[in-house]
Amino acid sequence: MAESIAFHTTGRRDRYHELWPQLDALTRHEPDLIANLANATAAVKQAFGFFWVGFYLVRGPELVLGPFQGPVACTRIAIGRGVCGTAWAEKRSICVEDVDLFPGHIACSSESRSEVVVPILVGDTVVAILDIDSDRLSDFGAVDVEELQKLAAMASGWFAGDR
Ligand code: SME
């Protein structure tokens, strides 16, 4: 199988719909969690050009930086801290239109203006957080949350099947 993806649409929802089957094909036969997470970040970055796309992995009482695409980022986030730590503690997706208005936002880069964060669950347990940052204000909305929850569901399978 060719390790490449391509897009023919420009609308965001259409592009998500083009992306998911290609990412599924790219990861379906690969049992290694890190390989799949890494390609997922690259695929989302390639599809949309977001400023930062990455996963934080639950490691004991903290989130630890996992595979990502973009500038270097903070390595550890405590539960309940920042957008990622809040999404973990509350087991919910969070869309932030203006990161400067989110109390406790952890600024890894001053260029990040808006953000969407989606928890990845295996059963009832959060195992990781998908974090996407944009350098544009209000770049994310309900379509992104809805579509990225599909990626979270796919990634849940990677965690469950990691070997
Ligand atoms: N903004 C995040 C921290 C991670 S960086 O954006 C990559 C937060 O407040 O959780």
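Everything here concerns the structure above.
We now turn to the structure provided with this report.

How each quantity is defined
Residues numbered from 1 in each chain as written. Predicted model: local features only at pLDDT ≥ 70, side-chain atom pairs only at ≥ 80, totals over all residues. Heavy atoms only, no water. Helix = DSSP H or I, 4+ residues; strand = E, 2+ residues; numbered from the N terminus. Expected span 1.5 Å × (residues − 1). Buried < 20%, exposed > 50% of the residue type's maximum accessible area, 1.4 Å probe, protein only. Arc of directions from axis to C-beta. Contact = heavy atoms within 4.5 Å. Disulfide = S-S within 2.5 Å. Lys, Arg positive; Asp, Glu negative; His and termini not counted. Salt bridge = Lys/Arg side-chain N within 4 Å of Asp/Glu carboxyl O. Polar contact = N/O pair within 3.5 Å; in protein donor to acceptor, adjacent residues only side chain to side chain. Core = buried A, V, L, I, M, F, W, Y, C linked by side-chain atoms within 4.5 Å.

The next thing to look at is helix α2 (residues 33-48). Taking 1.5 Å as the rise per residue, α2 with 16 residues should run 22 Å; its terminal C-alpha atoms sit 23 Å apart, in good agreement. For α2, the set of buried residues is Leu33, Asn36, Leu37, Ala40, Thr41, Ala43, Val44, Ala47 and Phe48. The arc that holds the buried residues of α2, viewed along the axis, is 165 degrees, so those residues lie on one side. Residues of α2 that are buried sit in contact with α1 (12-27), β1 (52-59), β2 (62-69), β6 (125-134) and α4 (142-161). One or two positions beyond α2, positive phi appears at Gly49, with a value near 70 degrees.

Turning next to the state of the cysteines. Applying the stated criterion across every chain yields a total of one disulfide. A disulfide bridge connects Cys74 with Cys108, and the sulfur atoms are separated by 2.3 Å. Of this pair, Cys74 sits in the loop between β2 and β3 (76-78) while Cys108 is found in the loop between β4 (94-96) and β5 (114-122), placing the two residues 34 residues apart along the sequence. No disulfide involves Cys84; its nearest neighbouring cysteine sulfur is the one of Cys74, lying 7.7 Å away.

Attention shifts here to the side chain of Arg15. One can find Arg15 in helix α1. We note that Arg15 is buried and unpaired, the nearest opposite charge coming from Glu18 at a distance of 4.8 Å. Among the polar contacts made by the side chain of Arg15, one reaches the main-chain carbonyl oxygen of Ala47 at a distance of 2.9 Å. With near-sequence residues (within four places) excluded, Arg15 lies in contact with Phe7, Thr9, Thr10, Ala47 and Phe48.

A few words now on the nonpolar core. Core analysis: the biggest nonpolar cluster contains 34 residues, and Leu19, Leu23, Ile120, Ile132, Leu148, Leu151 and Trp158 have the highest contact counts within it. Listed by contribution, the elements that provide at least two residues to this core are α1, α2, β1, β5, β6 and α4. Examining the composition of this core, we find that eight residues originate from one element, α4, more than from any other. Core analysis: the next-biggest nonpolar cluster, separate from the first, contains 18 residues, Val83, Val99, Val117 and Val126 among them.

Bear in mind that shape data such as this cannot, by itself, settle questions of function.
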